[in-house]
Amino acid sequence: ALARVQAAMETGAPFADVLPELKMALQAPVPDALGAIATDGAPTLKALQDQFSEAAGAALAAARREGVSGEEGGRMAEFLRSQFDVRSVEAREGTDADAILSRAEVALADARLTDALAEVATLPEVARAELTEWTADAERRAAALLAVETLTQTLTVARP
């Protein structure tokens, strides 16, 4: 049952029909993180990766528009960056919104979802607001993955 849940997590397929079997195998309730996504399926890593670029662009634009992007170079440089929608796609150091988003995107490309979420959490509020939907999906996936990992360890220890 757990293997079927893991497979569904990778494809984004619903797995509510597996939960009763998993509950029996666990002899305990299924973790809430899995129950919450069982009917519709988990957001896939690929979907999160595909959605991030557009959401990150909107987040950076909002930070620039509100003057909280933290980028150096003065008003003219900020104006040009915003007009041409310039955004870093390679990880770079720094605390400005563009650097944070670049590190988050690289972490996501490397399937390090919790690292990407940690980076996004450091953005200014106006930028995080643009990533609300993406963040919610990413948090659901991260919580479900943690639940699966915990169940895997529990069942491995429980069975000799």
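Summary of the structure given here. Nothing here was measured: the structure is a model prediction, and the numbers come from that model.

**Considerations on the packing of helix 4 (residues 45-65) against helix 6 (residues 97-109)**
As a packed pair, helix 4 and helix 6 sit with axes 10 Å apart at the nearest point and diverge in direction by 180°. One way to sum up the angle between helix 4 and helix 6 is to call them roughly antiparallel. For the pair helix 4 and helix 6, the contacting residues are L45, L48, Q49, F52, S53, A56, A59, L60 and A63 in the first and A97, D98, L101, A104, E105, L108 and A109 in the second. Class assignment for the residues of the contact of helix 4 with helix 6 results in 12 nonpolar, two polar and two charged.

**Structural notes on the side chain of D96**
Tracing the backbone through its elements, the reader meets D96 in the loop between helix 5 (74-83) and helix 6. Judged by relative accessible area, which is 10%, D96 ranks as buried. Of note is the side chain of D96, whose polar atom sits 3.1 Å from the backbone nitrogen of A99.

**Description of the pattern of salt bridges**
Overall, the coordinates contain eight salt bridges when judged by the stated rule. Linking E125 and R128 is a salt bridge whose minimum nitrogen-to-oxygen distance equals 2.4 Å. Linking E125 with R128, this pair stays in helix 8 (residues 125-130), spanning three residues, or about one helical turn. Taking relative accessible area as the criterion, R128 reaches 28% and is therefore assigned partly exposed. Via salt bridges that share partners, D110, R112 and D115 belong to a single interconnected network.

**Remarks on the environment of A147**
When you line up the elements, A147 lands in helix 9 (residues 132-158). Taking the C-alpha atoms as reference points, A147 and D32, separated by 115 residues in sequence, lie 8.5 Å from one another. What A147 contacts, discounting residues up to four positions off in sequence, is P31, A33 and L34.

**Examining the packing of helix 6 against helix 7 (residues 113-120)**
Here helix 6 crosses helix 7 at 165°, and the two axes come no closer than 7 Å. What the angle tells us is that helix 6 and helix 7 run roughly antiparallel. In the crossing of helix 6 with helix 7, the sense of the turn from one axis to the other is left-handed. Residues I100, R103, A104, A107 and L108 of helix 6 lie in contact with helix 7, whose contacting residues are L113, D115, A116, E119 and V120. Residues belonging to the contact of helix 6 with helix 7 are distributed by class as follows: seven nonpolar, no polar and three charged.

Definitions and cut-offs
Residues numbered from 1 in each chain as written. Predicted model: local features only at pLDDT ≥ 70, side-chain atom pairs only at ≥ 80, totals over all residues. Heavy atoms only, no water. Axes fitted to C-alpha atoms, helices over the stretch in contact; angles between N-to-C directions. Helix = DSSP H or I, 4+ residues; strand = E, 2+ residues; numbered from the N terminus. Parallel < 35°, antiparallel > 145°, perpendicular 65-115°, else oblique. Contact = heavy atoms within 4.5 Å. Nonpolar A, V, L, I, M, F, W, Y, C, P; charged D, E, K, R; others polar. Buried < 20%, exposed > 50% of the residue type's maximum accessible area, 1.4 Å probe, protein only. Polar contact = N/O pair within 3.5 Å; in protein donor to acceptor, adjacent residues only side chain to side chain. Salt bridge = Lys/Arg side-chain N within 4 Å of Asp/Glu carboxyl O. Left-handed = near helix turned anticlockwise from the far one by under 90°.

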